[in-house]
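For reference, the chains in residue letters:
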Amino acid sequence: MKIVVQVRLMPTPEVASALEGTLRACNEAANWLSGQAYERGEMSRKALQGFAYRALKDRGLSAQPALHVLRKVADAYTTLKANIRNGNLGKPGSKRRRKAESKPIGFRPNAAQPYDDRCLSWQVDEQTVSIWTTSGRLRGVRFACSQQGRKLLAEHRKGETDLVHRDGMWFLIATCEVPEAAQYAPDGFIGVDLGIANIATTSTGYRAAGRGLNRYRKRQLALRAKLQKKRTKSAKRRLKERSRREARHVRNTNHIISKKIVTEAERTSRGIALEDLGGIRQRVRLAKPQRVTLHSWAFAQLGQFLEYKARRAGIPLVYVDPAYTSQECAECHHIEKANRVDQARFICRGCGVVAHADRNASRTIAHRGENAWTAGRESRVPAALPTG
């Protein structure tokens, strides 16, 4: 499985200037190539390489960086076509779709640039890299990362690395191919109910309350609104400084929650069952204040963290149908809307059981997970007909 390791470069002012010039040159070349591809209607890698490879080299790019620019532009148009085909940019004739189709794809001056092993070499033990720039090859550029990150780089790094300039800092984001552990046969499943009041509730009793995170988000929302009203340069600078702070806080929270759930599943030799919440933002209809809360809810990220951590540990993970999990009784499986008394209480109208609503839902998800796992393991070969 592929995971990424982010390291921070510690360049001198001269090295930082060379890296900045390199990003600018690569993205200027990408913008030129994007315009040419749009005018010609030729956007495949093969077509771009046929008419633009020599021109990119004349712009000061070496062979491998020129090929990476070609691929970056081709991949951008492939992604755009896929989004249009899947309806992600609206229906034909919609304002958003017309805007996307009416002009070439643009690249920011400091957009990330991919590197391969010919342009970038790692000296992990010394914590330095040798990197190609338009000013020549720079050697001995120091980087900083965690001990775990160094181990991953030394043992599993494979593939491309992206050079990223963000908030005045330089990063390398490397791809690592980590082997997956052999999946074991689970002794039951841990159901995980994802929500807003409680970020995650498991069938084993663990509950990650969302009160603190929701309060933090409301404070950040109020602060952003206050700064946006000022419209001063200092306010814009403050907004830029805080732009990723909330995302980092949420990401760290999701890492902590997912690690606890995966550790519990591994300790008890169980699998993990999650609701398939794809498209929930399009399905539900809520008032505006509730929409703000829902759209800032990083349930997809938490699900991704659970999935890759489970794969690394060899823990079976299944997705189940989320329909009526909040209305189904985990004891007798009676489904009725009136079962859900309020946000926190569940009282079954069939058997009379009283439970916390999220805990009941997590147990229902665990039951559905076991059924899904059993159905997937059963043979679908029809029985042989009797002879004679």
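Above: the structure in question.
Source: prediction; values computed, not measured.

How would you explain the nonpolar core if you had to name every residue and give the values?
In terms of nonpolar packing, the biggest core is built from 52 residues, with Leu9, Trp122, Leu153 and Leu163 touching the most fellow members. Those residues in contact with leucine 9, other than ones at most four positions away along the chain, are Leu19, Val129, Val141, Arg142, Phe143, Leu163, Trp170, Phe171 and Leu172. Ranked by size, the runner-up nonpolar core spans 22 residues in total, among them Val262, Ala313, Ile315 and Leu317.

So, the packing of helix α1 (residues 13-40) against helix α3 (residues 63-85): which residues are in play, and what are the values?
The contact between α1 and α3 brings their axes to 9 Å, and the two run at 50°. In terms of axis orientation, α1 runs oblique to α3. Between α1 and α3 the crossing geometry is right-handed. Each of Cys26, Asn27, Ala29, Ala30, Leu33, Ser34, Ala37 and Tyr38 in α1 lies in contact with α3, whose residues at this interface are Val69, Leu70, Lys72, Val73 and Tyr77.

Before we move on, can you summarise the layout of surface pockets with the specific residues and values?
Empty space left among the atoms is revealed by rolling a probe the size of a water molecule over them. When its volume is computed, the largest pocket comes out at roughly 1,200 Å³. What lines the largest pocket is a set of 30 residues, among which Val4, Arg251, His255, Phe305 and Tyr308 lie closest to the centre. Counting only elements with at least two residues in the lining of the largest pocket, the list comes to β1 (2-9), α5 (147-156), β7 (169-177), α8 (245-268) and α11 (299-313). Of the residues forming the lining of the largest pocket, the biggest block, nine residues, is contributed by α8. For the lining of the largest pocket, the class distribution of residues is twelve nonpolar, eight polar and ten charged.

So what's going on with the packing of aromatic side chains? Residues and values would help.
Going through the model one piece at a time under the given rule, you end up with three aromatic pairs. A ring pair is formed by phenylalanine 189 and tryptophan 373, whose centres lie 5.9 Å apart and whose planes are at 55°; its orientation type is tilted. Of this pair, phenylalanine 189 sits in strand β8 (residues 189-194) while tryptophan 373 sits in helix α12 (residues 357-377), and the two are 184 residues apart along the sequence. Each member of the pair phenylalanine 189 and tryptophan 373 is classed as buried. Relative to tyrosine 308, the ring of phenylalanine 305 has its centre 6.2 Å away and its plane inclined at 85°; by these criteria the two rings are edge-to-face. One end of the pair, phenylalanine 305, and the other, tyrosine 308, are both in helix α11, three residues apart, so they sit about a helical turn from each other. Residue class for tyrosine 308 comes out partly exposed when judged on its relative accessible area of 24%. Looking at arginine 40, its charged tip hangs above the ring of phenylalanine 51, at a distance of 4.1 Å from the centre. The cationic tip of lysine 309 hangs over the ring face of phenylalanine 305; the distance from NZ or CZ to the ring centre is 5.2 Å.

Can you lay out the environment of threonine 175 for me, pointing to particular residues and giving the numbers?
Within the secondary structure, threonine 175 is located in strand β7. At a separation of 3.3 Å, a polar atom in the side chain of threonine 175 contacts the main-chain carbonyl oxygen of glutamate 160.

Report on the sheet that holds strand β9 (residues 198-202), specifying residues and quantitative values.
Judged by pairing direction, the sheet is mixed, and its five strands sit side by side in the order β10-β9-β8-β11-β12 without closing on themselves. The open sheet has two edge strands with one neighbour each: β10 (207-209) and β12 (317-320). This sheet shows a mean twist of 20° between the axes of neighbouring strands, independent of strand direction. Of the strand pairs in this sheet, β8 and strand β11 (residues 271-275) are connected by four bridges, and their pairing is parallel. What sits directly across from isoleucine 190, in β11, is isoleucine 272. Where α8 meets the sheet, its contacts fall on β8, β9, β10 and β11, and the angle it forms with β9 comes to roughly 0°.

Break down the sheet that holds strand β5 (residues 136-144) for me, citing the residues and quoting the values.
Through backbone hydrogen bonds, the strands of a sheet pair up, either in parallel or in antiparallel fashion. Taken together, the seven strands give an open sheet; going across it, the order is β2-β6-β7-β1-β5-β4-β3, and neighbouring strands pair in antiparallel fashion. Strands at the two margins of the open sheet, each flanked by one partner only, are β2 (113-115) and β3 (120-123). For this sheet the average axis-to-axis angle between neighbouring strands, irrespective of direction, equals 35°. For strand β4 (residues 128-133) and β5, the ladder comprises five bridges, and the chain directions are antiparallel. Each residue of the ladder has a partner; that of tryptophan 132, found in β5, is arginine 137. Against the sheet, α3 touches β2, β4 and β6 (157-166), its axis set at about 130° to β2.

What counts as what
- Residues numbered from 1 in each chain as written.
- Predicted model: local features only at pLDDT ≥ 70, side-chain atom pairs only at ≥ 80, totals over all residues.
- Heavy atoms only, no water.
- Core = buried A, V, L, I, M, F, W, Y, C linked by side-chain atoms within 4.5 Å.
- Buried < 20%, exposed > 50% of the residue type's maximum accessible area, 1.4 Å probe, protein only.
- Contact = heavy atoms within 4.5 Å.
- Axes fitted to C-alpha atoms, helices over the stretch in contact; angles between N-to-C directions.
- Helix = DSSP H or I, 4+ residues; strand = E, 2+ residues; numbered from the N terminus.
- Parallel < 35°, antiparallel > 145°, perpendicular 65-115°, else oblique.
- Left-handed = near helix turned anticlockwise from the far one by under 90°.
- 1 Å grid on protein atoms, 1.4 Å probe; cavity = no way out; pocket = protein on both sides within 12 Å on 5 of 7 lines; lining within 4 Å.
- Points joined across faces, edges and corners; volume = space filled by probe spheres on them.
- Nonpolar A, V, L, I, M, F, W, Y, C, P; charged D, E, K, R; others polar.
- Phe/Tyr/Trp six-rings, centres within 6.5 Å; stacked < 30°, edge-to-face > 60°.
- Lys NZ or Arg CZ within 6 Å of the ring centre and 35° of its normal.
- Polar contact = N/O pair within 3.5 Å; in protein donor to acceptor, adjacent residues only side chain to side chain.
- Pairing = 2+ DSSP bridges.

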